[in-house]
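# Geometric and topological summary
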Amino acid sequence: MSHNQSTDLMNQLVDNITKNGATTLSNPDGVVCVHCGTLVPPLEVEVLGRKRTVQPVCKCVTKLQAAEQKRFENYQREKDVRRLFAISDVGNRYQNVTFTNFTVRPGTENSLKLAKHYVSRFNKENPNALLFFGEPGNGKTHLAAAVHNALVAQGHVIVFISMTDLLNKIKSTFNKAAKETQDDILKALAVCDLLIIDDIGAEKISDWVEETVYRILDTRYRCNRPVVATSNLTTDEICAKLGSRIHDRLLEMCQPVYNAATSYRKELAQKRTQHLSKLIQTGEI
Ligand SMILES: [Zn+2]
C-alpha cells in the first residue's frame, strides 16, 4: 500500500469515527456533550502503525441517530399505523409513565424486572412476549405503557390500546360513512412492531368479539409478531370467558407474569379515607 493510500484509509477511518457532527479536538480532555453534559474523552486510534487522536461524538448522539434512522425506515409503516391509532390511544394518564416512575410495591418486583428485560431484548420478529395478570389497579397498565413509551422512544412502531377500545374502533368501521375499513385496522394491527392490548377479558363477550379477538391474535401469530397483554383475569378465567382458542393462542405468544401486588388504587383510596377520618377526629374538618 502506498503512503497516499494509507493516508486515505486513515482519513476514511477518522471520518467514520468522527462523522455525524463531531467536533475537532479543541480540548485535550475531550468535549462536553451539549445534549447530556457528559465529558466525552478523545480516542486514540492506530492505523497501519500510526497513531492519531480523534474526538468521537457522545453515545447519546449515536443512540438518537440510530432511533432517527429507524424512524425514517419505519416512516411509511408508521404513517399507516398512526393514521389509524393515534398516539393519544395511550391516554394522557400513561403518556409519561416510565419504569423509573413506577412505584415498586410488594408483588410487583418480578413484573417490573421482566418488563424491563423485555424492552432491553426487544425484537419485533420474536413472537414471545408477556401477559401481565393480577388484581385490577395494581400497576399492570403502567408497566405495559412503560414498555410502549420506551420502545417508541427507540423508534419502534407500537400500538397500545385497550381491548374494549380496539373492538369499538373496529365496530365504528361498520358505519357506512367510515373512512377506514375493518381490514385497514386489522392490517395496521398486523404490521406494527408490537401490539400492546390492555385489559384483555374486560369486554363483553359475543361470537363476534370472540372471533375478532382470535383473528387479531392469530394474524400476529402467523406474522411472527409479538403481543404484550394485560388482564385482570387469570389464564384459567381467560379460557372460561374468551374460550380455549383465544386462551391457547395467547399463551403460545405470551409468557404469563403474575403481578401479585394488591390494588394500588385501593391502597391510595384507603389512605385518603384514613387521612380524612383523622382530620375529622382532630376536629380539623
Ligand atoms: Zn450526550
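Higher on the page you've got the structure.
Reading guide: rules and limits
Residues numbered from 1 in each chain as written. Predicted model: local features only at pLDDT ≥ 70, side-chain atom pairs only at ≥ 80, totals over all residues. Helix = DSSP H or I, 4+ residues; strand = E, 2+ residues; numbered from the N terminus. Contact = placed C-beta atoms within 7 Å. Axes fitted to C-alpha atoms, helices over the stretch in contact; angles between N-to-C directions. Parallel < 35°, antiparallel > 145°, perpendicular 65-115°, else oblique. Left-handed = near helix turned anticlockwise from the far one by under 90°. Core = buried A, V, L, I, M, F, W, Y, C linked by C-beta atoms within 7 Å. Buried ≥ 20, exposed ≤ 12 C-beta atoms within 10 Å, placed from the backbone. Pairing = 2+ DSSP bridges. Arc of directions from axis to C-beta. Nonpolar A, V, L, I, M, F, W, Y, C, P; charged D, E, K, R; others polar.

## Observations concerning the overall build of the chain
- Secondary structure summary: the chain contains eleven helices and nine strands in total.
- Considering only contacts in the chain between residues 6 or more positions apart, those separated by 24 or more positions represent 79%.

## With respect to the packing of helix α4 (residues 109-120) against helix α5 (residues 140-153)
- The geometry of α4 relative to α5 is characterised by a closest axis approach of 10 Å and an angle of 20° between their N-to-C directions. Of the possible angle classes, the one that applies to α4 and α5 is roughly parallel. Viewed along their axes, α4 and α5 form a crossing whose handedness is right-handed. Contacts from S111, L112, A115, Y118 and V119 in α4 reach L143, A146, V147, A150 and L151 in α5.

## Structural notes on the nonpolar core
- Residues V147, V159 and I196 are the most contacted members of the largest nonpolar core, which totals 48 residues.
- The dominant element in this core, judged by the number of residues it contributes, is α5, at seven residues.
- Contact partners of V159, with chain neighbours within four places excluded, come to V81, F85, L189, C192, L195 and I196.

## Structural notes on the sheet that holds strand β6 (residues 158-162)
- In spatial order, the strands read β6-β7-β8-β5-β9; together these five strands make up an open sheet with parallel pairing. Unpaired on one side and paired on the other, β6 and β9 (254-258) mark the two borders of the sheet. On average, each strand axis in the sheet is tilted by 15° relative to the strand beside it, whichever way the strands run.
- Of the pairings in the sheet, the one linking strand β5 (residues 129-133) to β9 comprises five bridges and is parallel in character.

## Some remarks on the environment of A178
- By the element assignment, A178 lies in the loop between α6 (163-172) and α7 (182-191).
- Note on A178: 12 C-beta atoms within 10 Å, which makes it exposed.

## Digging into the pairing of β5
- Counted residue by residue, β5 has five buried out of five residues, so it is predominantly covered.
- Of the pairings in the sheet, the one linking β5 to strand β8 (residues 227-231) comprises three bridges and is parallel in character. Among the inter-strand pairings, F133 is bridged to a residue of β8, identified as S231.

## Focus: α6
- Residues of α6 that are buried include every one of M163, L166 and I170, and no others. Viewed along the axis of α6, the buried residues span an arc of 65°, placing them on a single side of the element.
- Buried positions along α6 lie against β6, α7, β7 (194-198) and α8 (207-222).

## Description of unusual backbone geometry
- Even without being a glycine, D199 presents a positive backbone phi close to 60°.
- Structurally, the position occupied by D199 is in the loop between β7 and α8.
- Here D199 falls in the buried class, since 20 other C-beta atoms lie within 10 Å of it.

## Thoughts on the packing of helix α3 (residues 75-84) against α7
- The geometry of α3 relative to α7 is characterised by a closest axis approach of 9 Å and an angle of 130° between their N-to-C directions. Put simply, α3 runs oblique to α7. Helix-helix and strand crossings are classified by hand; for α3 and α7 the assignment is left-handed. Counted together, R77, D80, V81 and L84 of α3 and D184, I185, A188 and V191 of α7 form the full contact between these two elements.
- Split into classes, the residues belonging to the contact of α3 with α7 amount to five nonpolar, no polar and three charged.

## Re the environment of T98
- If you trace the backbone, T98 turns up in the loop between α3 and α4.
- Residue classification places T98 among the exposed residues on the basis of 12 C-beta atoms within 10 Å.
- Residues T98 and N149 lie 51 residues apart in sequence; the distance between their C-alpha atoms is 7.0 Å.
- Setting aside its immediate chain neighbours within four residues, T98 contacts A146 and N149.

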